[in-house]
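Coordinates in review
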Amino acid sequence: PQSIRLEDYRAPDYLVDNVDLVFDLEPESTRVLCATTYYAANDEGAPLVLDGEDLTLLNIALDGRTLGETEYSIENNQLTLTDLPERFELVIETEINPKGNTQLSGLYQSSGNYCTQCEAQGFRRITYFQDRPDVMARYNVTIIADKTACPVMLSNGNLIDQSDLDETQHAAVWEDPFPKPSYLFALVAGDLAMVEDTYKTSSGRDVDLRIFVEHGNEDRCSWAMESLKASMKWDEERFGLEYDLDLYNIVAVSDFNMGAMENKSLNVFNTKYVLAKSDTATDQDYAGIEAVIAHEYFHNWTGNRVTCRDWFQLSLKEGLTVFRDQEFSSDMRSRACERISNVKVLRAGQFPEDGGPLAHPVRPESYIAIDNFYTATVYNKGSEVIRMMHTLLGEENFRKGMDLYFERHDGEAVTCDDFAAAMQDASNIDLTQFKLWYSQAGTPDVSASWAYDEAAKQFDLTLSQHLGATPGQETKETMHMPISIGLIGPDGEDMVSDVLSLTQAEQTFTFKEIASKPVVSLNRGFSAPIKFKADYSREELAFLMAHDSDDFARWEAAQSYGTLLLLDMIKAHQEGRAFEKDAPFIEALRKTLHNENLDAEFIALCLQLPVESYLAEQMDVIDVEAIHAAREALRGFIATDLQDDLLETFRNLRSDAPYSPDAKSAGLRSLKNICLAYLSELDDPACMGLITAQYHNGDNMTDRMAALGILSNKDVSAREEALSDFYSRYKNDPLVVDKWLAVQAMSSLPTTLDTVKSLMEHDAFSIKNPNKVRSLIGVFAHANQLNFHRADGSGYEFHTSRILELDKINPQIAARMVAPLGKWRRFDTMRQDLMKAQLQRIIDTDGLSNDTFEMASKSLN
Ligand code: B3K
Ligand code: ZN
């Protein structure tokens, strides 16, 4: 397979203004007629090369004349025409098979309904086209379908005509007034229920908001609808951005490769990010829906009105839109807790990527399959890059930069450099060095050291940065990072609070008139996405946990303290020594638990110990058993010492109030449930009684899942009872069945691999459905470190077989499963050999997709 490189980018040789499409929908033989007038964009007389994949070409006519087979060539998924006039009309008729489309890219069926997914390169699976984002056109779409099978027929823009064709067929015509790239094209047709609302924009435009779902799900759309209205309002208030059409449609489908898709005025969503009611969705699901609905809505400006010139610029829209959805969630919920959860996601998904064989810059330089680059780096680190610009410029200048970006580029396909230029020009702040964040891969290490001169009342803080080599980038240049810090006096008050600009390899910052020796608080709010190294004593960490005025830093101190203890305990376990308890840490947690100035969600976050995968990241050679044993032991110590406090908090927080998904109520539930989880460590029958009671009596999915999650890690009879009760209650509810699969795949019990294997055969599972695959296979490989990395390699062997099975069905999903095997360098030599052998087995497989080949071959190197 061939690599595509950024440096080879060339503007398209031909452009188009309008695309006219006619779809005659049939499950296995849909006909697509595409009429387009092309005109040369330069005078080179170049051939016209159209992309096309899995298409049957029925006819091709140039300026009204059907071409003979010798007048064009089709090779390697490209149709080439030569000797063309400067302007010509091309009418292409193709046949496609939506029902047989298991890749879920292009036009496919989900529960019998037609839908599309065209980003990044799905449009070429519908018709022959220059399937690249810098070719923008106005689309006019006619849909013809069976009246009974498809009462609903949707595409982008406005419905301009509707008619009955005969007894059985009808037609709808949609026109999108905004020029768009082919990846934003969408079509939906089927028998769907609709939930409707309206929104009045700030300038007084009435917008119809419609959510389409499978029949029976109408009562699960209200949270998504509220979230949509809140997003529309927020974007007006924060960025002055208004919606630009009279209609906004969202369609929820059960079979979807990702979370959702921002097609112009016709978003297609995974049901997971639309459907919710208290009995089926957890607080986390509600928060996820709010964020994804907002994310796709925000794309209307950052992605659709201004789009990407090429796919290397993906972060132009994704990083920026993640930043916008994170800001929205921060305004809707607790800013500190949002920040903490964003950082947890970054550390769990992006740092390992940046430190492993798949590391790539936020603006990648090459790819084999672009779908492999919808990564934590492009999305989440991309958002951090935008956040750092926001920190460097300040809110006011940042907003000016956004305004300038839209003023300059509305209706265009542009680059990350164009975005940075708008920010720089609007603020007069030089971003030249800063832009290295787009081009250099890897997570910078920053070490801090400090000295206080009592006599001079001076505090010196020295920061030094280092960025290690990543694949294809041996040497790196010095980065520009904003480091937010505080100097905290003995009374717990800030003496200094500042944002430092670190631009040199090593830099000393001097603070004068510092009356007494401070404790330094570093990278407050996680102002830069880096790994900080600082030699804090346990006392200093406990002090920061108690006093830091920055809530993020306060949480971070708890994490650092926990990590320090756990790494010691891991060592003890490896050396066969007994675990030692650190009373001050537990005391600091106790104080946090009882601190009435803190909100419940924040306390819950502070009480959570660093997760196993985070601890693994801190070790030279990952020892999954020692990590698990140490963490369990520390949880046990905490539970024993804080038993009364935990029980009291748990009891106080139990409530009879009807369920409400708002952030405050959700925070109280998280704190209550973390107390319950700690209490479960005591193996006390009374506590077990609380857990089973909560499982059976919980009036909402959050509480029920919390109890089930605890039970699933315990080898007790209540476990089987609860799991089978859960399945019989919810077996007709696919999204809840996903939770049932995931909770079992996540279990730390040694029988988990066998359970996962047998669940593959269960009625509840289907390898064709991405949600099912992610819940069972994905969770096992990505989130069950202990069992996936079993010493005998059976986890690797099982997983690889699933990747190979999936590759034939849906290469995008298969490729997404490869990364856990790519962590081999971090393990002992025995596991390294086992993991490498499985990667080799993937590469050696005949007929492997480009997607999976790219991930496996890069992972092995
Ligand atoms: N832009 C889509 C992702 C499409 C993924 C294609 N493999 C969702 C989003 O980021 O909003
Ligand atoms: Zn996005």
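Here the structure is shown first, and the text comes after it.
Please read all numbers here as calculations on a predicted model, not as lab measurements. (Residues numbered from 1 in each chain as written. Chains lettered and ligands numbered in written order. Predicted model: local features only at pLDDT ≥ 70, side-chain atom pairs only at ≥ 80, totals over all residues. Heavy atoms only, no water.)

1. A word on the packing of helix H25 (residues 829-843) against helix H26 (residues 850-860)
Here is the rule we go by: Simply put, an axis is a line fit to the C-alpha atoms, just over the touching stretch for a helix, and the angle between two N-to-C directions goes from 0 to 180 degrees. What counts as a helix is a DSSP run of H or I of at least four residues, what counts as a strand is a run of E of at least two, and both are numbered from the N terminus. Handedness of a crossing follows from how the near helix is turned relative to the far one, being left-handed for an anticlockwise turn of less than a right angle and right-handed for a clockwise one. It only takes one pair of heavy atoms within 4.5 Å for two residues to be counted as in contact. For this scheme, ten residues count as nonpolar: Ala, Val, Leu, Ile, Met, Phe, Trp, Tyr, Cys and Pro. Four count as charged, namely Asp, Glu, Lys and Arg, and the remainder, Gly too, count as polar.
Relative to each other, H25 and H26 sit at 145°, their axes nearing to 9 Å. Crossing hand, H25 versus H26: left-handed. Residues Lys-836, Leu-839, Gln-840, Ile-842 and Ile-843 of H25 lie in contact with H26, whose contacting residues are Thr-852, Phe-853, Ala-856, Ser-857, Ser-859 and Leu-860. For the contact of H25 with H26, the per-class residue count stands at six nonpolar, four polar and one charged.

2. Digging into the nonpolar core
The line we're drawing: The set of buried Ala, Val, Leu, Ile, Met, Phe, Trp, Tyr and Cys residues whose side-chain atoms join them within 4.5 Å is what this entry labels a nonpolar core. Three labels apply to residues, based on accessible area from a 1.4 Å probe with only protein chains included: buried if under 20% of the type maximum, exposed if over 50%, partly exposed otherwise in between.
Ranked by size, the top nonpolar core spans 209 residues in total, and within it Phe-419, Leu-461, Phe-511 and Leu-671 carry the most contacts. Ignoring sequence-local partners within four residues, the contact set of Phe-511 consists of Lys-457, Gln-458, Phe-459, Leu-461, Ile-485, Leu-487, Val-496, Asp-498 and Leu-500.

3. Topic: the site of ligand 1
Here is the rule we go by: The cutoff for a nearby residue is simple: one of its non-hydrogen atoms must lie within 4 Å of the molecule or strand. Under this definition, polar contacts are N or O atom pairs within 3.5 Å; protein pairs additionally need one hydrogen-donor-capable and one acceptor-capable atom, and for neighbouring residues in sequence, both atoms have to be side-chain atoms. Here the open area of atoms and residues is found with the Shrake-Rupley method and a 1.4 Å probe, where only the protein chains shown may cover a residue.
Near ligand 1, the surroundings consist of 16 residues, among which Glu-119, Ala-260, Glu-262, Glu-296 and Tyr-379 are the closest. The side chain of Glu-119 places a nitrogen or oxygen atom 2.6 Å from a nitrogen atom of ligand 1. At 3.1 Å from an oxygen atom of ligand 1 is found a side-chain nitrogen or oxygen belonging to His-295. When isolated, ligand 1 has an accessible area of 340 Å², and the protein chains bury 96% of it. Breaking the shell around ligand 1 down by element, the ones donating at least two residues are strand S20 (260-261), helix H2 (283-298) and helix H3 (314-332). Partitioned by chemical class, the residues of the shell around ligand 1 number six nonpolar, four polar and six charged.

4. A closer look at the sheet that holds strand S8 (residues 78-81)
Strand pairing in a sheet is mediated by backbone hydrogen bonds. Such pairs are either parallel or antiparallel. Applicable threshold: The criterion for strand pairing is that DSSP finds at least two bridges linking the strands in question.
Spatially, three strands are ordered S4-S8-S7 in an open sheet, and the strand pairing comes out antiparallel. Where the open sheet ends on each side, the last strands, each with one partner, are strand S4 (48-51) and strand S7 (73-75). Across the sheet, the axes of successive neighbouring strands diverge by a mean angle of 25°, strand direction being ignored. One ladder, built from four bridges, connects S4 with S8; its direction is antiparallel. Residue pairing across strands places Leu-50 opposite Leu-79, the latter belonging to S8.

5. A look at H26
Here H26 lies mainly inside the structure; eight of its 11 residues are buried. For H26, every residue scored as buried is listed here: Asp-851, Thr-852, Glu-854, Met-855, Ala-856, Ser-857, Ser-859 and Leu-860. Taken together, the buried residues of H26 touch strand S23 (366-367), helix H23 (794-809), helix H24 (811-816) and H25.

6. Description of the sheet that holds S20
Strand order across the open sheet formed by five strands is S17-S18-S19-S21-S20, with mixed pairing between neighbours. Two strands bound the open sheet, and with one partner strand each, they are strand S17 (193-200) and S20. Taken strand by strand, helix H1 (residues 222-239) contacts S17, strand S18 (206-213) and strand S19 (247-253), and its axis lies near 25° from that of S17. In the packing of H2 onto the sheet, contacts are made with S19, S20 and strand S21 (266-270), and the angle to S21 comes to roughly 150°.

7. Some remarks on the pattern of salt bridges
For clarity, the threshold we go by: A side-chain nitrogen of Lys or Arg and a carboxyl oxygen of Asp or Glu constitute a salt bridge if their distance falls within 4 Å.
Under the definition given, this model contains 70 salt bridges. Between Lys-229 and Asp-197 there is a salt bridge, and its shortest N-O distance comes to 2.7 Å. Of the two residues, Lys-229 is situated in helix H1 and Asp-197 in strand S17; the sequence distance between them amounts to 32 residues. The exposure class of Asp-197 is partly exposed, given its relative accessible area of 24%. Among the ionic contacts, a cluster of salt bridges with common partners joins Arg-238, Glu-327, Asp-331, Arg-335, Arg-387 and Glu-395.

8. Regarding the pairing of strand S15 (residues 169-181)
The buried fraction of S15 amounts to 10 of the 13 residues, a majority that puts the element mostly inside the structure. Where strand S12 (residues 136-146) lies against S15, 10 bridges are found, and the strand directions are antiparallel. Directly across from Met-136, in S15, lies its bridge partner Pro-181. Two strands pair when backbone bridges link them, and strand S14 (residues 158-164) and S15 are joined in this way by six bridges, in the antiparallel orientation.

9. Thoughts on helix H9 (residues 551-574)
Stated precisely, the cut-off is as follows: Expected span of a helix, by definition, is 1.5 Å for each gap between consecutive residues, and there is one gap fewer than residues.
The terminal C-alpha atoms of H9 lie 35 Å apart, and with 24 residues this matches the ideal 34 Å at 1.5 Å per residue to within 8%. Note on H9: the residue one or two positions beyond its end, Gly-576, has a positive phi of about 70°.

10. Details of the environment of Ile-710
Here Ile-710 lies in helix H17 (residues 701-712). Classification of Ile-710 as buried rests on a relative accessible area of 9%. Sequence separation between Ile-710 and Glu-681 is 29 residues; the distance between their C-alpha atoms is 9.4 Å. Among all residues touching Ile-710, those that are not within four sequence positions of it are Leu-676, Ala-677, Ser-680 and Ile-691.

11. A look at the state of the cysteines
In a disulfide, the sulfur atoms of two cysteines are held together by a covalent bond. Applied cut-off: Counting rule for disulfides: a pair of cysteine sulfur atoms within 2.5 Å.
Under the defined criterion, the tally for this structure stands at zero disulfides. Cys-118 forms no disulfide, and the closest cysteine sulfur to it belongs to Cys-115, at a distance of 10 Å. Residue class for Cys-118 comes out buried when judged on its relative accessible area of 0%. Free of any disulfide, Cys-416 has its nearest cysteine sulfur in Cys-308, 7.3 Å distant.

12. Concerning the pairing of strand S16 (residues 187-190)
Of the two faces of S16, the one holding Leu-187 and Ala-189 and the one holding Val-188 and Gly-190 are both buried throughout. Of the pairings in the sheet, the one linking strand S11 (residues 113-117) to S16 comprises two bridges and is antiparallel in character. Counted as the bridge partner of Tyr-114 is Ala-189 from S16. As defined by bridge partners, strand S13 (residues 152-155) adjoins S16 across four bridges and the pair is classed as antiparallel. Bridge pairing in S16 places Ser-155 opposite Leu-187.

13. Notes on the packing of H17 against helix H18 (residues 717-730)
Heads up, the rule is: For classification, angles of less than 35 degrees are called roughly parallel, those exceeding 145 degrees roughly antiparallel, those between 65 and 115 degrees roughly perpendicular, and all remaining angles oblique.
Look at H17 against H18: their axes get within 9 Å of each other, and the N-to-C directions meet at 140°. Here H17 is positioned oblique relative to H18, judged by the angle of their axes. Between H17 and H18 the crossing geometry is left-handed. Every residue of H18 that contacts H17 at Met-701, Arg-704, Met-705, Leu-708, Leu-711 and Ser-712 is listed here: Ala-718, Arg-719, Ala-722, Leu-723, Phe-726, Arg-729 and Tyr-730. Looking at the contact of H17 with H18 residue by residue, the class counts come to nine nonpolar, one polar and three charged.

14. Considerations on the packing of aromatic side chains
Two aromatic rings are characterised by how far apart their centres lie and by the angle between their planes. Counted only if it meets this: Two aromatic rings from Phe, Tyr or Trp, using only the six-membered ring of Trp, form a pair when their centres are within 6.5 Å; if the ring planes differ by under 30 degrees the pair is stacked, by over 60 it is edge-to-face, and anything between is tilted. Definition used: whenever NZ (Lys) or CZ (Arg) falls within 6 Å of the ring centre and also within 35 degrees of the ring normal, the charge is taken to sit over that ring.
Under the criterion given, the structure shown has 35 aromatic pairs. A centroid spacing of 4.9 Å and a plane angle of 70° characterise the contact between Tyr-183 and Trp-311, whose relative ring orientation is edge-to-face. Residue Tyr-183 is located in the loop between S15 and S16, and its partner Trp-311 is located in the loop between strand S22 (307-308) and H3; the two are separated by 128 residues in the primary sequence. For the residue pair Tyr-183 and Trp-311, the accessibility class agrees, reading buried in each case. A network of ring pairs unites the aromatic residues Trp-234, Phe-239, Tyr-243, Tyr-248, Tyr-297, Phe-298 and Phe-328 as a single cluster. For the cation-ring pair, Arg-324 lies above Phe-239, with the distance from its terminal atom to the ring centre recorded as 5.1 Å. Over the aromatic face of Tyr-695 sits the side chain of Arg-704, whose NZ or CZ is 5.5 Å from the ring centroid.

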